[in-house]
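# Fold and geometry: a report
Now for the letters of each chain:
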Amino acid sequence: MAATVKYDEVEVGTEIPAQAYPVKRLNLVMYAGASGDFNPIHWDEKFAKAVGLPDVIAHGMFTMAQGGRFVTDWAGDPGAVLDYGVRFSGMVPVSYDTGNVIEISGVVEEKLEDNKVVVGLTAREAGGMKVLSQAKAVVRLA
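Notes on the structure follow. (Residues numbered from 1 in each chain as written. Predicted model: local features only at pLDDT ≥ 70, side-chain atom pairs only at ≥ 80, totals over all residues. Heavy atoms only, no water.)

### Let's talk about the pairing of strand β3 (residues 100–111)
Moving residue by residue along a regular strand, the side chains alternate between the two faces of the sheet. Bridge analysis of strand β1 (residues 15–23) against β3 gives seven bridges, and the strand direction is antiparallel. Among the inter-strand pairings, Ile16 is bridged to a residue of β3, identified as Gly106. Bridge analysis of β3 against strand β4 (residues 116–125) gives nine bridges, and the strand direction is antiparallel. Following the sheet pairing, Val107 is matched in β4 by Gly120. Hairpin connection of β3 to β4: four residues between the antiparallel strands, including Asp114 at a positive phi of 60 degrees. (Pairing = 2+ DSSP bridges. Helix = DSSP H or I, 4+ residues; strand = E, 2+ residues; numbered from the N terminus.)

Structure (structure tokens):
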């Protein structure tokens, strides 16, 4: 597989349209099973509230994974992502009734040699809180 976005067709400042990723409690249970992270703050509302959280919260790595999904969907090839890192800056509360949504957008911040670009990401939960900061990916384009 190869990236479908062409290096010559993007410039610094090229915006990648926002995508919305719904999050339900079921997603957190599935992620817990895949990751082995069964901390009750991610599935037990009573426990989460007892320790001072607003509700059950999404795993930080689940949130980070949605950013990775955003970049790989844009590039067209998961193998095109050469580096990816974030800092966690906020929580994604996931209510039983409504869940939540993680909205991610991006912008090409830098063009490098060898068809590589640096993509900066912005990720917010439905309430508007920024949940990832310093989120960047290095992607090799076609």
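From this point, the discussion proceeds with the structure in view.
### Digging into the pattern of salt bridges
As a working rule, side chains carrying opposite charge can pair if their charged atoms are close by. Within the structure shown, the criterion is met by six salt bridges. A salt bridge links Glu11 to Lys111; the shortest N-O distance between them is 4.0 Å. Of this pair, Glu11 sits in the segment before β1 while Lys111 is found in strand β3, placing the two residues 100 residues apart along the sequence. For Glu109, the salt bridge identified is with Lys136, shortest N-O distance 2.3 Å. (Salt bridge = Lys/Arg side-chain N within 4 Å of Asp/Glu carboxyl O.)

### Quick word on the sheet that holds β1
Strand pairing in a sheet takes place through backbone hydrogen bonds and is either antiparallel or parallel in direction. Strand order in the open sheet formed by five strands is β1-β3-β4-β5-β2, and the pairing between neighbours is antiparallel. What marks the edges here is a single partner per strand, and that holds for β1 and β2 (81–88). Looking at each pair of strands side by side, their axes are set apart by 20 degrees on average, direction ignored. (Axes fitted to C-alpha atoms, helices over the stretch in contact; angles between N-to-C directions.)

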